[in-house]
Every structure is written in structure tokens, then in C-alpha cells.
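# Residue-level structural notes
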Amino acid sequence: GAGVSQSPRYKVAKRGQDVALRCDPISGHVSLFWYQQALGQGPEFLTYFQNEAQLDKSGLPSDRFFAERPEGSVSTLKIQRTQQEDSAVYLCASSLGGISNQPQHFGDGTRLSIL
Amino acid sequence: AQSVAQPEDQVNVAEGNPLTVKCTYSVSGNPYLFWYVQYPNRGLQFLLKYITGDNLVKGSYGFEAEFNKSQTSFHLKKPSALVSDSALYFCAVRDGANAGKSTFGDGTTLTVKP
């Protein structure tokens, strides 16, 4: 069956450019999460949506990071004026409901490299 | 605040032997605990979870985990390791009252040798 789909799989950008990363969650999944995974580390929480509402954005590292999910389905993570420290794998996950006991289903990630 | 510690970066076992991957956690509310596995260049795959009830939970691919409240631990186990179990394993915790943020450990690389 269709899982969480992320695009692009790989993105190379020059420092200072803006990038947009897309996440298509599993159809019908209410909750959507973004994580940043640096090399050799576990995923770090960035933000969480329940339907179109962004309920927690406490993990966004700066105001250069912005996420949206306008229709409660597809989500976009945007990074403005990219810096080298933004290089990482960005993971999107979704879960069926809006309660905390449900596992998350992850996409394969977007590997972002800032030159 | 919540946190997860996976004290071992690497665990090596021989095929057919039992394996344990350790995890300890800290959370202010009720702990909801999860194990995920990650293969190279892939996202994380759910293995098992503890929410409430029996302290020994069983999951996919013959894995199980034991919740120990007094030791704040949630160690992953398997009675007989397979070479195909070799991968990166992550433990994660959520506060039961917060449907959003999960906190992950830094992962443990499991290598099973034939």
C-alpha cells in the first residue's frame, strides 16, 4: 500500500537559497510530523500538525524554517536563506489519529546538502 | 522535558544468540514508548510500543521489549538473532498527555554476524 512519500529525495542548494520539501502522508492520516536527522543522530522533532492546524512548532530551529499543511493533507517544509548547518535528512511522518499512543509512519526522507 | 538514552552506540551478536538493545527514558507524564528500526537511506519503521498493561510487549519480526517503570527502561530483545536484523535501532518516548512531540535516542547499530 501507499506509504508516506517525500520529495525530492535529494536536494543540493547553495548557501542563501530557499528550499521547499514536500510530504505526502498516508491518506486519511490526521497527524503529520517533521523531523531533522543529522548524521549519526536520532530524529529531532521540528513541528506537528493535526489536520491543517499546526499544534506544536517548538522544534523549529529559527524563523527561517516554516511549515504548512493548508488542506490537512500534503505538507511543505520551507527553509529560507539556507545555511550549511541546515544540511541534514528531513523526515516526515504521519499517524492515523490525533492521540499519542499511535505509532508514526515515516517517509524515506529528503537529504538536504547546503554548499 | 523528555529524553531518551541509548547507552550503546554498537551491539554485536552472533547469529542465533539472544540480543538486547538498551534504552532508558525520562518523561514527566505517563511514558508512551516505541522502538523503530532504520535501514540505510530509508525512513524509520515501527517495531513495537508500550502504552499500558503488560510490561512485556511483543512486536514485529520476533522482537519484544520489557518496560521497567522503576528503572525507567525499555530494552529491546530478541531470543535468537538473525543476520537480517542488522540495522540501526531507535527508542522513542512521548508524554501520554501530548500527542505531538516524540523524543528519540541517538540510535544503536546492531550487527549480527553469521
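Residues numbered from 1 in each chain as written. Chains lettered and ligands numbered in written order. Predicted model: local features only at pLDDT ≥ 70, side-chain atom pairs only at ≥ 80, totals over all residues. Heavy atoms only, no water.

## Concerning the overall build of chain B
Along its length, chain B carries zero helices and twelve strands. Taken from the N to the C terminus, the helices and strands of chain B come in the order β-β-β-β-β-β-β-β-β-β-β-β. What you see for chain B is a C-alpha radius of gyration of 13 Å, in line with the 13 Å of a compact globule of 114 residues. Each principal axis of the C-alpha distribution contributes one length, and for chain B these read about 45 × 30 × 20 Å. Of all 114 residues assigned to chain B, the portion counted as buried reaches 47%. Of the roughly 5,300 Å² of accessible surface on chain B, a fraction of 48% belongs to carbon and sulfur atoms. Across chain B, the centroid of the 10 positively charged side chains sits 4 Å from that of the 9 negatively charged ones. (Helix = DSSP H or I, 4+ residues; strand = E, 2+ residues; numbered from the N terminus. Rg over C-alpha atoms; globule rule 2.2 N^0.38 Å. Buried < 20%, exposed > 50% of the residue type's maximum accessible area, 1.4 Å probe, protein only. Areas by Shrake-Rupley, 256 points an atom, 1.4 Å probe, with all protein chains shown as cover. Lys, Arg positive; Asp, Glu negative; His and termini not counted. Charge placed at Lys NZ, Arg CZ, Asp CG, Glu CD.)

## Details of the environment of T110 of chain A
All names here are of chain A. Following the sequence through the fold, T110 ends up in strand β11 (residues 110-114). For T110, a relative accessible area of 0% puts it in the buried group. Separated by 20 residues in the primary sequence, T110 and Y90 place their C-alpha atoms 5.2 Å from one another. Dropping the residues within four chain positions of it, T110 is found in contact with Q6, S7, P8, R9, K11, L21, A88, V89 and Y90. A polar atom in the side chain of T110 sits 2.5 Å from the backbone oxygen of P8. (Contact = heavy atoms within 4.5 Å. Polar contact = N/O pair within 3.5 Å; in protein donor to acceptor, adjacent residues only side chain to side chain.)

## Looking at the packing of aromatic side chains
All told, the structure shown has 14 aromatic pairs over all chains when counted by the stated rule. Ring geometry for F63 of chain B against Y89 of chain B: centres 5.6 Å apart, planes inclined by 45 degrees, an arrangement best described as tilted. Here F63 of chain B, found in the loop between β7 (56-58) and β8 (64-68), pairs with Y89 of chain B, found in strand β10 (residues 87-95); they are 26 residues apart in sequence, far enough to count as distant. Judged by its relative accessible area of 2%, F63 of chain B falls in the buried class. Given a relative accessible area of 1%, Y89 of chain B falls into the buried group. An aromatic cluster is built from F33, Y35, F45, Y48 and F106 of chain A together with F34, Y36, F46 and F104 of chain B, whose rings are joined through pairwise contacts. The lysine or arginine in question, K78 of chain B, covers the ring of F63 of chain B, its NZ or CZ lying 5.0 Å from the ring centre. (Phe/Tyr/Trp six-rings, centres within 6.5 Å; stacked < 30°, edge-to-face > 60°. Lys NZ or Arg CZ within 6 Å of the ring centre and 35° of its normal.)

## Quick word on the pattern of salt bridges
All names here are of chain B. Under the defined criterion, the tally for this structure stands at seven salt bridges over all chains. Note that E66 and K77 form a salt bridge whose closest N and O atoms lie 3.4 Å from each other. Here E66 is found in strand β8, whereas its partner K77 is found in strand β9 (residues 73-78), with eleven residues between them in sequence. By relative accessible area, K77 is classed as partly exposed at 28%. (Salt bridge = Lys/Arg side-chain N within 4 Å of Asp/Glu carboxyl O.)

## Section: the state of the cysteines
All names here are of chain A. Per the stated rule, a full pass over the model turns up two disulfides over all chains. There is a disulfide in this structure between C23 and C92, and the S-S distance comes to 1.9 Å. Between C23 and C92, the S-S torsion sits near -65 degrees, and that sign places the bridge as left-handed. Linking C23 in strand β3 (residues 19-24) with C92 in strand β9 (residues 88-95), this pair joins segments that are 69 residues apart in sequence. Note on C23: relative accessible area 0%, which makes it buried. On the accessibility criterion, C92 (0% relative accessible area) is buried. (Disulfide = S-S within 2.5 Å.)

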